[in-house]
Amino acid sequence: MPRYARHLYCDGPHNPFPGLKALERRLGREIPHRLGSNEGLDMPHEALTQRFGGEVAILARSYSDAEAFGVRQRLSTHLASPLDTLLVDAGADSLIALALRATCEPGSVVIASAGTYPTFGYFALGQGCDLQEVPYKDSPGELAPDLMALAEAANYHRARLVYLANPDNPGGHLHENHAIAALRQALPEECTLLLDEAYFDFRPDASMANSNEAWPGVIRVRTFSKAHGLAGLRIGYAIAASQCLEMLQKVRIHYAVSSLAQAAAETVLDHSDEVQAHIDAVIDRRERLTRWLRELGGDVTDSATNFIALRMPSADLAAQVHAELLDAGSLIHRPPHPALGHVLRISALEDALKPGRLAALEKALGSS
Ligand SMILES: Cc1ncc(COP(=O)(O)O)c(C=O)c1O
């Protein structure tokens, strides 16, 4: 079984447009007269400037840096990771799609936990993969991906790829690095472990430099949508071995990350104190929300993310609470997968802690 899609074992495809920024870096000088890429460089952008300021208009006119060099350089410094192990793309979702595109063909088997972040299954099915799911470890106080079950299924089905969100969505569970290493070891050699680390920044050990290595056979996917507050701009990154990223580059949409998204990511990375203060505040709120709901008798699992998950006594009660809250104008999340219909997920925002905001949930916990 090959590690990557069979048609990628050749010279190319090569990106026909590495872009002006990459050329400037290669030449070691700026090119002042950009007459070859047919952008709207002479668009006045009066309306845009009035609404967002001149800097946005300047960024908007040009194609972005296809290599996202400025973002990767900062990440490389922050994470102590070599530049060639970092790839920037339009959010973790785009990176999930990219990993699938590079590793799978129609009919390839992929494995995930039943009820985990559903975008993975949506993309996998859209690409013609055979999605095999294994149950969560789901018992009082626990909602965690079952690593042994994932490994067993991967070996049984000779899977191309295993998806694991760590920390998990929707359970919030964190598997420590040694458990991930054991999972990798238990997988078939050519099977890729797609490790979705969208909530990485909320892990207690997030600031440890050795948390950011490229692990063989693993594609680690992260995002600027959560701890960095840039969900609307679409930007994230992968950490993986450089040979693996070379394969991903073959099928990447090279200008997918806008110049504005890159500039915004560079700015937040240059202000890491603000990011850290935000993370600390989120964790504080998450713990307050957890304590409060547990005092009400809720089965709240330990979370290493920016949300909490509650195991309700039944799927019917979870559906009822979800509907009543929506009627009252509050949208919490109930996973669409039938295996996790009894789970409710709530973002750790101050709004969730406002007296009365989750009244329907309080009532349900009081009467169950
Ligand atoms: C586990 C997980 N992966 C990926 C994403 C999407 O991240 P992005 O906004 O970077 O595409 C989310 C968002 O909720 C998520 O929970």
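Worth saying up front: this structure is predicted, and the values here are computed from it rather than measured.

### Quick word on the packing of helix H5 (residues 91–103) against helix H6 (residues 119–126)
Viewed as axis vectors pointing N to C, H5 and H6 meet at an angle of 35°, and their least axial separation amounts to 10 Å. The hand of the H5/H6 crossing is right-handed. Across from Asp93, Ile96, Ala97 and Leu100 in H5, the residues of H6 making contact are Thr119, Phe120, Phe123 and Ala124. Partitioning the contact of H5 with H6 into residue classes produces 6 nonpolar, 1 polar and 1 charged.

### Considerations on the side chain of lysine 250
Positionally, lysine 250 belongs in helix H9 (residues 242–250). A distance of 2.9 Å separates a polar atom in the side chain of lysine 250 from the backbone oxygen of leucine 8. Not counting the four nearest positions on each side in its chain, lysine 250 is found in contact with Leu8, Cys10, Gly12 and Pro13.

### Description of the pairing of strand S7 (residues 192–196)
Burial runs high along S7: 5 of the 5 residues are buried. Side-chain alternation along S7 places Thr192, Leu194 and Asp196 on one buried face and Leu193 and Leu195 on a second face that is also buried. Alignment of strand S6 (residues 161–165) against S7, held across 5 bridges, turns out to be parallel. In the sheet register, leucine 164 faces S7, and the bridge partner there is leucine 195.

### Some words on the domain arrangement of the protein chain
Entries for the protein chain in the domain assignment read domain 1 (6–19 + 63–270) and domain 2 (273–367). A C-alpha centroid distance of 26 Å is found between domain 1 and domain 2. Across the contact, 27 residues belong to domain 1 and 24 residues belong to domain 2. Between domain 1 and domain 2, a total of about 1900 Å² is buried, with carbon and sulfur atoms accounting for 63% of that surface.

### Comments concerning the pattern of salt bridges
Summed over the entire model, instances satisfying the criterion amount to 21 salt bridges. For arginine 203, the salt bridge is made with aspartate 205, and the minimal N-O distance between the two is 2.8 Å. Since its relative accessible area comes to 15%, aspartate 205 is described here as buried. A salt bridge links arginine 288 to aspartate 284; the shortest N-O distance between them is 3.2 Å. Of this pair, arginine 288 and aspartate 284 both sit in helix H11 (residues 272–295), 4 residues apart, which is roughly one turn of the helix. Relative accessible area serves as the criterion here: at 29%, arginine 288 is assigned to the partly exposed category. One connected set of salt bridges, linked through shared partners, spans Arg3, Glu189 and Glu190.

### Remarks on the site of the ligand
Of all residues adjacent to the ligand, which total 13 residues, the nearest are Ala92, Asp196, Thr223, Lys226 and Arg234. Between the ligand and the protein, one listed contact pairs an oxygen atom with a side-chain N or O atom of asparagine 169 at 2.7 Å. The separation between a nitrogen atom of the ligand and a polar side-chain atom of aspartate 196 is 2.6 Å. In the complex, the protein chains occlude 92% of the 400 Å² of accessible area that the ligand would expose alone. Examining the composition of the shell around the ligand, we find that 3 residues originate from one element, H5, more than from any other. Of the residues that constitute the shell around the ligand, the class distribution is 5 nonpolar, 4 polar and 4 charged.

Conventions adopted
Residues numbered from 1 in each chain as written. Predicted model: local features only at pLDDT ≥ 70, side-chain atom pairs only at ≥ 80, totals over all residues. Heavy atoms only, no water. Axes fitted to C-alpha atoms, helices over the stretch in contact; angles between N-to-C directions. Helix = DSSP H or I, 4+ residues; strand = E, 2+ residues; numbered from the N terminus. Left-handed = near helix turned anticlockwise from the far one by under 90°. Contact = heavy atoms within 4.5 Å. Nonpolar A, V, L, I, M, F, W, Y, C, P; charged D, E, K, R; others polar. Polar contact = N/O pair within 3.5 Å; in protein donor to acceptor, adjacent residues only side chain to side chain. Buried < 20%, exposed > 50% of the residue type's maximum accessible area, 1.4 Å probe, protein only. Pairing = 2+ DSSP bridges. Domains from an automatic or database assignment. Buried area = accessible area lost by both parts, 1.4 Å probe. Salt bridge = Lys/Arg side-chain N within 4 Å of Asp/Glu carboxyl O. Near = heavy atom within 4 Å. Areas by Shrake-Rupley, 256 points an atom, 1.4 Å probe, with all protein chains shown as cover.

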